[in-house]
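Fold and geometry: a report
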Amino acid sequence: MESLIHARGLVKRFEGFTAVDGIDVDVRRGEAFGFLGPNGAGKSSTMRMIGCVSPPTDGVLRILGLDPRRDGPKIRAKLGVCPQLDNLDIELSVRENLTTYARFFGIPRRVARQRADELLEFVQLTERADSKVEPLSGGMKRRLTIARALVNEPEIVLLDEPTTGLDPQARHLVWERLFRLKQQGVTLVLTTHYMDEAEQLCDRLVVMDGGRIVAEGSPRALIEQYSTREVVELRFAAESQEAYAEKLAGLGERLEVLPDRILLYVADGDKAAAEVQRRSLAPASVLVRRSSLEDVFLHLTGRTLVD
Amino acid sequence: MVTFLMPRFVPRLVSFEGMGRRSASVTERNIACLRSMYWVVMVSGFVEPVLYLFSIGVGVGALIGDLPLPGGRLVGYAEFVAPAMLASAAMTGALSETTFNFFGKMKFMRLYEGILATPVRPIEIALGELAWAMVRGVLYSAAFLGIMVAMDLTSAARALAMFPATVLIGFAFGALGMTVSTVIRSWQDFDLIVAGQFALLLFSGTFVPPTAYPAVVRWLIEVTPLYRSVDLVRALSLGPVGWTQALDVLYLLAVLVIGLTVAGRRMEKMLCK
Amino acid sequence: MVAGAYVLEYHLVNYRRTWRSSALSTLVLPLLTMLGFGVGVGSYVSGGVEGAPYLDWIVPGLIASTAVQTAIGEATWPVLSYFEWLKVYFAQAAAPLRVADILGGHLAFMAFRVLTAAAAFLVVAAVFGTIHSWWAPLTLVVSVLTGLAVAAPSVAYSSSISSDSYLAILMRFAVLPMSLFSGVFFPVESLPVVLRWAAYVLPLWHGVDLSRDAMLGLAPGWIGLLHVVYLLIWCVAGWAVAHRCFRRRLVV
């Protein structure tokens, strides 16, 4: 299968520290690929290398079959980039942000205007077309940035933390638009530290930690491989959860003690919860839920994603 | 002009294909954000050198009377000082766009990060911004030359010759300003730039011939870019024109090419880490 | 009054971070002007102006002009940004301060900046031997008065706009012409009548004339009194308008 992004032993080193420490990645046409990991895992550095604005220190990187070191402009012509922090042009109106940006790609003015109107429709900003950028809400700004990333009809869209800092409603709107893009066959590459986002959007993802890839697969497969079907979350009223850990021994496949709760990894959550009651341990709260990528991450690194 | 000069000075193999078009798209962005108020500010920019001309050239000129040129010819003070005002106005215009505004766009608006995600390269951003600074500078220079001719401070033919010289001066200082912008760290450093600019204005043979200063100071003055600019424009305005002026042109071209190369390289280092 | 002092204290504490770079412009720029213009151009002015050598004649004007530049610098961009970008005034208004305290405290800081800039210039002038009168220190008082006469209306202007483009307009159409045609570099008497009256109306010329009297040891006469009264009118009127503008924005 055709690999749009191909990396082998990719390394990014800054003075004194290694942000990306030899990763192998292959992104196929039409898929939504995710980099999941906490802040500082090396996701953004990887994205900047793929965006051809940061030369790799070492390793192989091919994007659309081209070498970013030599063919930066040629590759960027076919990429759409939605950065983590919106860098919209505050001196321009909403529509002008799209039309002037299109000009950077050499798109004729008439086409640019037409495409801007279509994209504003797509991200539901048509009514705000002549507004300045400043008064837009965070969600609107993010949608405009996404529209801007689509202005050159890119083959790959790079999204760095597309919904970080947005309220729940705005997040869902962004997800819904991205899902629409995916259906249209656009290749999406995104970073996130939200597991729900990764589960919603990604066909395939890699989990990064400390500049390395610690696991790879579809969200479902990763959960199956690194976690159990269900999880029981137990909170005890006492100061330390630690004391209860041994009393729960043998209840599930695995057990994680966090500062505020204990996670019990089991195949059947309800059965395990009943067993906890039977041992009369009396937790302050019991929650049975399905396993998520958060659990995968916890298992792989011993830490939670959002600290 | 710039694009054909660049190849020899750009070390790596870069393609020049589409360079002009991409630089122009950066200029276009600046034109797109012209708002009514900014227009007034921009157009009013030409008032400044004219005010200086009337105040220093005419007002102080009345106290000074005539000045002897190196050849021994006597000229009125306004005639002497007007070409220097033109050169320093070209400098000021180019520097204000490429230091203050450029720095703001790079550091605070993070405008260039967005542009760099497109096929546009750092050197092309530099070229596009420079071209924009020049559009403004050229308009001011033309207006000022018109006033000089109207006040009989130079002839129309000489004014035509001075025009391309002011464009060159603008380009050279614009490139210099951009290099400076990639070096400074914060807004506070702009005090240094203002002080430096002011020192250039005062001591570059602008208001008095450099022969008024002691020999050591004079040599220092002679190597400053503003002095070379003033020398070029003044010779074109009052004559005679000789080899020294060819040297001026070469000097300014060198400043332009080196400035642009360094600015492009440093921008790449800062923005493409 | 006491509350206004707290506001002044805030600005002084803030200034501690940036005083080094501003010291450069406070000391070096006048020195350069004196050398480049006073000495350089002065050597071509034969016979001096109004009986004084050109350098001696121009220095008092430069001091008054420096006072105005410093005052304008503090009364424009900082005021705009304290309203629009940094929101410092709004933070102050949330404390138990009156509008007059906020405005007064900031103006007091501007007076402080004007005083230091003028004093620095005066020291440089003394080194160059351009002081010929025991009345010279009075120039500092004149500078503060002139500085406030332009600062107060400038604060009013800066507090009523929302974009710094308007400041560029102020600089270009008011401050620069005033600096160039108020008798700093050549006597206003040589200006055409219309421009001469423009100089009379704007505050700077009055400061220049007073400053020159003090530095050269001339008797100001009754016109000196007129200068003082006129500059005070600018201060009071500027304060009144600025107070109204501040009120409108801070007390909603």
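Remember, it's a predicted structure, so these values are computed and weren't measured experimentally. (Residues numbered from 1 in each chain as written. Chains lettered and ligands numbered in written order. Predicted model: local features only at pLDDT ≥ 70, side-chain atom pairs only at ≥ 80, totals over all residues. Heavy atoms only, no water.)

Attention now goes to the overall build of chain C. A tally of regular secondary structure across chain C gives 10 helices and zero strands. Helices and strands appear in chain C in the N-to-C order α-α-α-α-α-α-α-α-α-α. By the compact-globule yardstick of 18 Å for 252 residues, chain C fits well, its C-alpha radius of gyration being 18 Å. For chain C, the C-alpha atoms occupy an extent of roughly 60 × 40 × 35 Å along the three principal directions. Here chain C holds 252 residues, and 53% of them are scored as buried. Here the contacts in chain C between residues at least 6 apart in sequence split such that 80% fall between residues at least 24 apart. For chain C, the exposed surface amounts to about 11,100 Å²; the carbon and sulfur share of it is 72%. Where the 13 positive side-chain charges of chain C centre and where its 10 negative ones centre are 12 Å apart. (Helix = DSSP H or I, 4+ residues; strand = E, 2+ residues; numbered from the N terminus. Rg over C-alpha atoms; globule rule 2.2 N^0.38 Å. Buried < 20%, exposed > 50% of the residue type's maximum accessible area, 1.4 Å probe, protein only. Contact = heavy atoms within 4.5 Å. Areas by Shrake-Rupley, 256 points an atom, 1.4 Å probe, with all protein chains shown as cover. Lys, Arg positive; Asp, Glu negative; His and termini not counted. Charge placed at Lys NZ, Arg CZ, Asp CG, Glu CD.)

A separate point is the nonpolar core. With 220 residues, the main nonpolar core has B:Phe207, C:Phe37, C:Tyr54 and C:Phe185 as its most contacted residues. A:Leu234, A:Leu248, A:Leu264 and A:Val266 belong to the second largest nonpolar core, which has 12 residues in total. (Core = buried A, V, L, I, M, F, W, Y, C linked by side-chain atoms within 4.5 Å.)

Bringing the UniProt feature "transmembrane region" (unreviewed entry) in chain B into the picture now. Residues and elements named next belong to chain B. This chain's UniProt record puts "transmembrane region" (unreviewed entry) on residues 38–64, 84–104, 125–150, 156–180, 192–221 and 241–263. Helix makes up 93% of residues 38–64 and strand 0%. Its end C-alpha atoms lie 38 Å apart. Note that residues 241–263 is 91% helix and 0% strand, and that its end C-alpha atoms are spaced 32 Å apart. (UniProt positions renumbered as here; feature names shortened; annotations may be inferred.)

So, about the state of the cysteines. Taken as a whole, this structure holds zero disulfides over all chains when the rule is applied. Of the cysteine sulfurs around A:Cys82, a residue in no disulfide, the closest is that of A:Cys202, at 14 Å. Residue classification places A:Cys82 among the buried positions, given a relative accessible area of 0%. Sulfur of C:Cys235: no disulfide; nearest cysteine sulfur belongs to C:Cys245 and is 16 Å away. (Disulfide = S-S within 2.5 Å.)

Here we take up the packing of aromatic side chains. Residues and elements named next belong to chain A. Under the definition given, this model contains 22 aromatic pairs over all chains. Between Phe14 and Phe17, the ring centres sit 5.7 Å apart and the planes meet at 25°, which makes this aromatic pair stacked. Residue Phe14 is classed as partly exposed on the basis of its relative accessible area, which comes to 27%. The ring of Tyr194 is capped by Arg171, whose NZ or CZ atom sits 4.3 Å from the centre of that ring. (Phe/Tyr/Trp six-rings, centres within 6.5 Å; stacked < 30°, edge-to-face > 60°. Lys NZ or Arg CZ within 6 Å of the ring centre and 35° of its normal.)

This part is about the interface of chain B and chain A. Counting residues at the interface gives 24 residues for chain B and 28 residues for chain A. Of the roughly 2,300 Å² buried where chain B meets chain A, counting both sides, 55% is carbon and sulfur surface. It is B:Arg110, B:Pro119 and B:Lys273 that lose the most area in chain B upon contact with chain A, and together they represent 23% of the buried surface on that side. Applying the counting criterion to the chain B and chain A interface returns 12 residue pairs in polar contact (both at pLDDT 80 or more). Only α2 (19–32) and α6 (111–116) of chain B provide two or more residues apiece to the side of chain B that touches chain A. By residue number, the principal contributor to the side of chain B that touches chain A is α2(B), which donates seven residues. (Buried area = accessible area lost by both parts, 1.4 Å probe. Polar contact = N/O pair within 3.5 Å; in protein donor to acceptor, adjacent residues only side chain to side chain.)

Moving on to helix α9 (residues 203–216) of chain C. Residue and element names in this part refer to chain C. The terminal C-alpha atoms of α9 lie 21 Å apart, and with 14 residues this matches the ideal 20 Å at 1.5 Å per residue to within 8%. For α9, the tally of buried residues reaches 13 of 14 residues, placing the bulk of the element in the interior. Where α9 ends, the next residue or the one after it, Gly217, has phi of about 70°, a positive value. (Expected span 1.5 Å × (residues − 1).)

On the side of chain C, 30 residues touch chain B, which itself brings 32 residues to the contact. In total, about 2,800 Å² of surface goes out of reach between chain B and chain C, with carbon and sulfur atoms giving 79% of it. In this structure, the connection of chain B to chain C is made through one salt bridge. Note that C:Arg172 is salt-bridged to B:Glu48, the shortest N-O span being 2.9 Å. For the pair chain B and chain C, the number of links is two residue pairs in polar contact (both at pLDDT 80 or more). Going through the elements one at a time, α3 (36–44), α4 (47–64) and α9 (190–203) of chain B are the ones with two or more residues in the side of chain B that touches chain C. Along the lines of polarity and charge, the residues of the side of chain B that touches chain C split into 24 nonpolar, six polar and two charged. (Salt bridge = Lys/Arg side-chain N within 4 Å of Asp/Glu carboxyl O. Nonpolar A, V, L, I, M, F, W, Y, C, P; charged D, E, K, R; others polar.)

All names here are of chain B. With respect to the helices, strands and loops of the structure, Pro70 is situated in the loop between β1 (66–68) and β2 (74–76). Relative accessible area serves as the criterion here: at 86%, Pro70 is assigned to the exposed category. Taking the C-alpha atoms as reference points, Pro70 and Thr211, 141 residues apart in sequence, are found 9.0 Å from one another.

Attention shifts here to the pairing of strand β12 (residues 262–266) of chain A. All names here are of chain A. Most of β12 sits out of view: five of its five residues are buried. Side chains of β12 alternate between two faces, with Ile262, Leu264 and Val266 and Leu263 and Tyr265 buried alike. Looking at chain direction, strand β10 (residues 230–235) and β12 are connected through five bridges and run antiparallel. Note that in β12 the partner of Val231 across the bridge is Tyr265. Pairing of strand β11 (residues 254–257) with β12, which is carried by four bridges, proceeds in the antiparallel orientation. Following the sheet pairing, Glu256 is matched in β12 by Leu263. The loop that links β11 with its antiparallel partner β12 comprises four residues. (Pairing = 2+ DSSP bridges.)

Turning our eyes to something else, we now look at empty space enclosed by the protein. Overall, the coordinates contain two cavities of 30 Å³ or more when judged by the stated rule. One number sums up the size of the largest cavity: a volume of about 80 Å³. Taken together, A:Asn87, A:Asp89, A:Leu92, A:Asn97, A:Thr100, A:Tyr101, A:Phe104, A:Arg148, B:Arg29, B:Leu111, B:Gly114 and B:Ile115 make up the full set of residues lining the largest cavity. When residues of the lining of the largest cavity are traced back to their parent elements, those giving at least two are α3 (94–104) of chain A together with α6 of chain B. With four residues, α3(A) is the single largest residue contributor to the lining of the largest cavity. The calculated volume of the second largest cavity comes to roughly 50 Å³. Lining the second largest cavity, in full, are B:Ala90, B:Gly93, B:Ala94, B:Ala133, B:Met134, B:Gly137, B:Val138, B:Ser141, B:Thr166, B:Val167 and B:Gly170. When residues in the lining of the second largest cavity are grouped by element, the largest group, five residues, is from helix α7 (residues 122–150) of chain B. Within the lining of the second largest cavity, the residues separate by chemical class into six nonpolar, five polar and no charged. (1 Å grid on protein atoms, 1.4 Å probe; cavity = no way out; pocket = protein on both sides within 12 Å on 5 of 7 lines; lining within 4 Å. Points joined across faces, edges and corners; volume = space filled by probe spheres on them.)

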